[in-house]
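# Breakdown of the fold
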Amino acid sequence: MSPSRRSQMSLFLHQLPFLVWLIALWMLLWGQFTWLAFLTGLVAAIFVTRVFRLPPVELSGRVNFWYGLIFVVTFLGAVVRGSLIVALQVLDFRRQPGAAIIAVPLRVNDDVIMAHTAVTASLIPGSLIVDVDREARTLYLHTIGVRSAEDADHQRRIVLGWEARITRAVGSREQLATLRADIAAADADAHHAAQSPRDGRTLL
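A brief structural summary. Just so you know, these numbers come straight off a predicted model, no measurement behind them.

So, on to the pairing of strand β2 (residues 127-133). One ladder, built from six bridges, connects β2 with strand β3 (residues 138-144); its direction is antiparallel. Note on β3: the bridge partner recorded for Asp 133 is Thr 138. With antiparallel pairing between neighbouring strands as the criterion, β2 and β3 make up a hairpin whose turn holds four residues, including Arg 137 at a positive phi of roughly 55 degrees.

Below is the structure:
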């Protein structure tokens, strides 16, 4: 095998997970898991990656199938749960469900993971990405069911949870180590805040 042929094969194998993700995304957007949806998704993925002269996506080269399975199962459950919650909020005539645009600063500095997180958050009923600040690594979501600051914080934690699941599934080891360090630091800060006196009161 010539060096150029070997280089092309290496590039194809490196980009194969991205191709598979595009096909899965196509099937999710159409809501069909059929051979026809797979074949049309394959054509669309090849068209996007070959016709548009974009630089190749730099993937981590690491795929954890166990965490990938956890992500898929959790995502499907979140879609069903989100659909039921939105339906209940629409049918509840006693009060408005409330809505807000919230900013979610991400923890992993990677375009692919940020894009995956944004798509995941948009596919779950009840939230939609309205803007992305790539430089600040921040997603802006329009979310229904938000009536207080606590609700907004809860939605932020949900999005960060998806970022963590995606990083565990396809992120690099360096990104995974950074994520774990950030989570540990956030847990330590939360524990310290819980143990600190507030409003001049002393702990019991």
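Now that the structure has been shown, we can carry on.
Next up on the list: the sheet that holds β2. Overall, antiparallel pairing links the three strands, which are arranged β1-β3-β2 in an open sheet. What marks the edges here is a single partner per strand, and that holds for β1 (99-105) and β2. Within this sheet the neighbouring strands show an average axis-to-axis angle of 25 degrees, counted without direction. Looking at chain direction, β1 and β3 are connected through seven bridges and run antiparallel. Counterpart to Ala 100 in the pairing with β3 is Thr 143.

With respect to the helices and strands, Ser 122 occurs in helix α4 (residues 111-123). Ser 122 sits in the partly exposed class, given a relative accessible area of 26%. Along the chain, Ser 122 and Thr 143 lie 21 residues apart, while their C-alpha atoms are 9.8 Å from each other. Setting aside its immediate chain neighbours within four residues, Ser 122 contacts Ser 127, Leu 128 and Ile 129.

Right, let's get into the nonpolar core. Membership of the largest hydrophobic core comes to 13 residues, with the highest contact counts inside it found for Ile 102, Val 104, Leu 106, Ile 129, Leu 139, Leu 141 and Val 159. Elements supplying a minimum of two residues to this core: β1, α4, β3 and α5 (149-170). If we skip the residues at most four places from it in the chain, Leu 106 touches Met 114, Thr 117, Arg 137, Leu 139, Val 159, Leu 160 and Glu 163. Counting residues in each nonpolar core, the second largest holds twelve residues, with Phe 71, Phe 75, Ile 113 and Ile 166 among its members.

Turning next to a nonpolar patch on the surface. On the surface, Trp 66, Tyr 67, Leu 69 and Val 73 cluster together into a nonpolar patch covering about 430 Å² of accessible area. Mapped onto the fold, Tyr 67 is located in helix α3 (residues 65-91).

Turning our eyes to something else, we now look at the packing of aromatic side chains. Using the criterion set out here, one finds five aromatic pairs in the structure. Relative to Trp 30, the ring of Trp 26 has its centre 5.8 Å away and its plane inclined at 50 degrees; by these criteria the two rings are tilted. Note that Trp 26 and Trp 30 are positioned in helix α1 (residues 3-30) at a spacing of four residues, about one turn of the helix. With relative accessibility at 28%, the residue Trp 26 sits in the partly exposed group. Judged by relative accessible area, Trp 30 falls into the exposed class, the value being 55%. Between Phe 71 and Trp 162 the ring centres are 5.8 Å apart and the planes differ by 85 degrees, which places this aromatic pair in the edge-to-face class. Of the two residues, Phe 71 is situated in helix α3 and Trp 162 in helix α5; the sequence distance between them amounts to 91 residues. Phe 71 gets classed as buried once you look at its relative accessible area, which sits at 10%. A relative accessible area of 3% means that Trp 162 is categorised as buried. Of the aromatic side chains, those joined through ring pairs into one cluster are Phe 71, Phe 75 and Trp 162. The side chain of Arg 165 reaches across the aromatic face of Trp 162, ending 4.6 Å from its centre.

Cut-off values and rules
- Residues numbered from 1 in each chain as written.
- Predicted model: local features only at pLDDT ≥ 70, side-chain atom pairs only at ≥ 80, totals over all residues.
- Heavy atoms only, no water.
- Pairing = 2+ DSSP bridges.
- Helix = DSSP H or I, 4+ residues; strand = E, 2+ residues; numbered from the N terminus.
- Axes fitted to C-alpha atoms, helices over the stretch in contact; angles between N-to-C directions.
- Buried < 20%, exposed > 50% of the residue type's maximum accessible area, 1.4 Å probe, protein only.
- Contact = heavy atoms within 4.5 Å.
- Core = buried A, V, L, I, M, F, W, Y, C linked by side-chain atoms within 4.5 Å.
- Patch = residues over 30% accessible without salt bridge, like charges linked within 9 Å, V, L, I, M, F, W, Y side chains within 5 Å.
- Areas by Shrake-Rupley, 256 points an atom, 1.4 Å probe, with all protein chains shown as cover.
- Salt bridge = Lys/Arg side-chain N within 4 Å of Asp/Glu carboxyl O.
- Phe/Tyr/Trp six-rings, centres within 6.5 Å; stacked < 30°, edge-to-face > 60°.
- Lys NZ or Arg CZ within 6 Å of the ring centre and 35° of its normal.

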